[in-house]
Amino acid sequence: MRGEALKNSGRPLDQNSLQELALRYVSRYATTRHKLKSYLFRKLREREWSEDRPADVEAMVERFAELGYIDDALFAKNRAAALISRGYGKRRVTQALYQAGIQEGDDRQALDLSDAKKWDAARTYARKKSIGPFAQEPTDKDKCRKQLQAFLRAGHDFDIASRFVFAKPGEEIEVEI
């Protein structure tokens, strides 16, 4: 019974109902052009289209962007800030923006932010994982290797990662500008 309550009405979509779905989606979620297009095309596949002329999803998404309902650059900057505050590096930020469908150009501020905050992000990651200067005791070579790999998977440069991983507990890491 619960599954039926969550199902769609099953009625085919028209221009107004598609626009209502889009408005509801952008009002509930921070989204990008790409994500909104994917959502609307999925809804069209699920419920089909009832009008004679084809649905113009591209035009609707562009109209939403013109009205300011969608701002890919702002989305990218916010996503980058969130990832950086969690300790992730530029490569991980770039990957997240690519997956969100952010186009080149809209990602400029986000990538500049990740460059500017790369040392803060690395320090946050090391602190959260108790690596290097934040460790309780010195680590052996095998554990250092694993920590270095984890640092690299988190999107940090090898140079920065190795400086944190091979630091002694309590040692201060000098920031390069």
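Use the structure listed above.
Residues numbered from 1 in each chain as written. Predicted model: local features only at pLDDT ≥ 70, side-chain atom pairs only at ≥ 80, totals over all residues. Heavy atoms only, no water.

**Student:** Describe the side chain of D107, listing the residues and the values that go with them.
**Tutor:** Along the chain, the position of D107 falls in the loop between α6 (90-99) and α7 (108-116). Here D107 occupies a buried position and makes no salt bridge, while the nearest side chain of opposite charge, R108, is found at 4.8 Å. (Helix = DSSP H or I, 4+ residues; strand = E, 2+ residues; numbered from the N terminus. Buried < 20%, exposed > 50% of the residue type's maximum accessible area, 1.4 Å probe, protein only. Lys, Arg positive; Asp, Glu negative; His and termini not counted. Salt bridge = Lys/Arg side-chain N within 4 Å of Asp/Glu carboxyl O.)

**Student:** So, the pattern of salt bridges: which residues are in play, and what are the values?
**Tutor:** Tallied over the full model, the rule gives 12 salt bridges. Between D106 and R33 there is a salt bridge, with the nearest N and O atoms lying 3.9 Å from each other. Here D106, found in the loop between α6 and α7, pairs with R33, found in helix α3 (residues 33-47); they are 73 residues apart in sequence, far enough to count as distant. Judged by its relative accessible area of 24%, R33 is partly exposed. Here K37 makes a salt bridge to E58, at a shortest N to O gap of 3.1 Å. Of the two residues, K37 is situated in helix α3 and E58 in helix α4 (residues 57-67); the sequence distance between them amounts to 21 residues. Overall, the relative accessible area of 21% leaves K37 in the partly exposed class. For E58, a relative accessible area of 39% translates into the label partly exposed.

**Student:** Account for the side chain of T124, naming residues and giving values.
**Tutor:** Looking at the secondary structure, you find T124 in helix α8 (residues 118-129). Looking at T124, the relative accessible area reads 14%, which means it is buried. Ignoring sequence-local partners within four residues, the contact set of T124 consists of S85, R86 and G87. (Contact = heavy atoms within 4.5 Å.)

**Student:** Describe α4, listing the residues and the values that go with them.
**Tutor:** When α4 is considered as a whole, its buried residues turn out to be V57, M60, V61, F64 and A65. For α4, the angular spread of buried residues about the axis comes to 140 degrees, placing them on one side. Buried residues in α4 make contact with α2 (15-28) and α3. Immediately downstream of α4, the backbone of G68 shows phi near 90 degrees, a positive value. (Arc of directions from axis to C-beta.)

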